[in-house]
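# Report on the structure
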Amino acid sequence: MKEIIINGKKELSGTIRISGAKNAAVAVIPASILSDEEVTLCNVPEISDIDSLEEILKFLNIDVKRSTEAMIINPKNIKNKPIPERISEKLRASYYFMGALLAKYKHVEMYFPGGCKIGSRPINLHLEGFKKLGAKIKIEGNKYILDANKLKGNNIYLDVASVGATINIMLVATKAEGQTIIENAAREPEIVNVATFLNNMGANITGAGTSVIKIRGVKQLKKGFIEIIPDRIEAGTYTIIGSLIGKNLKISNIIPEHIESLTSKLKEAGANLIIEEDSIICKRHKNLKAIDIRTYYYPGFPTDLQQPMSSFLTQCVGTSKIEETIYENRFMHIPYLKSMGADIGIKNNLAIIKGKTHLKGSSVTATDLRAGAALVIAGLIADGKTTITGVEHILRGYEGIIEKLSNVGADIKIEEKTCQTS
Ligand code: EPU
């Protein structure tokens, strides 16, 4: 078992370079199997979710070469087999193989996906979309068996602007006959990245990034290339850290528009940010003031930054409120922040944070990925030593977090915890 150990209250200066976006890469990789030829993906982050997807690709007999420069995937010898539950349950994004294999073979057997336990996270909209495109679905326990005689374009309205459903439907529609229109589509930048990749391979998709996406089905996808966009959630996490303990801390390789909802809120609280073309310089501000946050679909405030933001708000003077509107169970980090000295009350989907509080190092557990990020932030600003377990969640989504933070002056390390036997 691994644990992260932080000795807090160190000022950070230097540059943190942002890696490729997890939530784009985890969709682009399954999308690549739609091609009949080799595809090249650049800027793929080195995180354990990508290791799990590589395991799935190899299980499907797909040739994968991975280096720091690129991930090269050749699906020429692919075999359509049910992906074992022990692999697919490692991450949420395994569900993109449902769309990709259905598009390619008109038959797929898949288990319910894994991922962070932050709510019920149903996949009904994915399945309804597949049905509208011609699939028949049988559910046997945890297993979904999808078959289609023919995949045919259709008009699909999403009740919720779901990222996963939008991408999965886009994958199937790419190989369906005729035109598909997705209405109330999710507008996240990761969707644009996936659509660009599909188009580079020969797909015909317009409107990605808006609420109406039009897809004209094509027969074949060929060689393709994509550069994964910078991870806006990683960028946001480090910008929050820089606003608290930065001394000219530069967050580089970012697309500032992608985190505008965050930077405008940080500025409202008084944060000292200089926003440049592809970077942000953060300086600590001693007199931050309370603000209210409401999570919403892009371009609203991202739910994935709500937990990191709650640690920030413990340092703001006054009463801040966070309303979580996307997931039912995304406050699991709050008891741990309280154990460090935060003053936070929870009422249904509302967290009420009173500040400014003095945080003290403690032993805490990351229950999910962004809960882990929130606790790393808390550890960095707390007095004394913080020990975080549940580290595997953090490593699923933050490339080189220990190196990136220690390079700019944080006292942070990761250790293998040995079990004591008596
Ligand atoms: N929803 C449904 N039915 C569905 C699909 C979604 O009701 O069929 C609901 C969900 O329960 C949720 C809302 O729609 O309330 C939004 O869910 P969405 O489908 O957009 O989320 P997702 O695709 O499962 C992705 C990211 C999440 C991120 C959300 C929202 C990946 C692999 N995951 O999840 O990332 O929170 O979009 O932006 O792309 C993370 O990185 O920490 C993370 C959880």
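Residues numbered from 1 in each chain as written. Predicted model: local features only at pLDDT ≥ 70, side-chain atom pairs only at ≥ 80, totals over all residues. Heavy atoms only, no water.

## Things to note about the sheet that holds strand β18 (residues 318-323)
Sheet strands associate in pairs through backbone hydrogen bonding, adopting either a parallel or an antiparallel arrangement. Pairing within the open sheet is mixed, and its four strands lie in the order β17-β18-β20-β19. Only two strands of the sheet have a single partner each, and these edge strands are β17 (292-294) and β19 (343-347). The mean inter-strand angle of the sheet, taken between neighbouring strand axes irrespective of direction, is 15°. Where β19 meets strand β20 (residues 350-355), five bridges bridge the pair, whose relative direction is antiparallel. (Pairing = 2+ DSSP bridges. Helix = DSSP H or I, 4+ residues; strand = E, 2+ residues; numbered from the N terminus. Axes fitted to C-alpha atoms, helices over the stretch in contact; angles between N-to-C directions.)

## Some words on the sheet that holds strand β2 (residues 12-17)
Spatially, β2-β14-β16-β15 is the arrangement adopted by the four strands of the open sheet, whose pairing is mixed. Every interior strand has two partners, whereas the edge strands, β2 and β15 (272-275), have only one. For this sheet, the mean angle separating the axes of adjacent strands, direction not counted, is 15°. The sheet contact formed by β2 and strand β14 (residues 246-252) spans five bridges and is parallel.

## Looking at the domain arrangement of the protein
By a widely used convention, the size of an interface equals the accessible area lost when the partners come together. Along its sequence, the protein is carved into domain 1 (2-19 + 230-416) and domain 2 (22-227). Spacing between the C-alpha centres of domain 1 and domain 2 amounts to 30 Å. Across the boundary between the two partners, domain 1 contributes 23 residues, which contact 23 residues of domain 2. Of the roughly 1,900 Å² buried where domain 1 meets domain 2, counting both sides, 50% is carbon and sulfur surface. Where domain 1 meets domain 2, there are two salt bridges. Residue aspartate 49 pairs with arginine 396 through a salt bridge whose shortest N-O separation is 2.9 Å. At the boundary of domain 1 and domain 2, one finds eight residue pairs in polar contact (both at pLDDT 80 or more). Sorting the residues of the side of domain 1 that touches domain 2 by element identifies α12 (369-381) and α13 (391-395) as the ones contributing at least two each. Across the side of domain 1 that touches domain 2, the residue classes tally to eight nonpolar, five polar and 10 charged. (Domains from an automatic or database assignment. Contact = heavy atoms within 4.5 Å. Buried area = accessible area lost by both parts, 1.4 Å probe. Salt bridge = Lys/Arg side-chain N within 4 Å of Asp/Glu carboxyl O. Polar contact = N/O pair within 3.5 Å; in protein donor to acceptor, adjacent residues only side chain to side chain. Nonpolar A, V, L, I, M, F, W, Y, C, P; charged D, E, K, R; others polar.)

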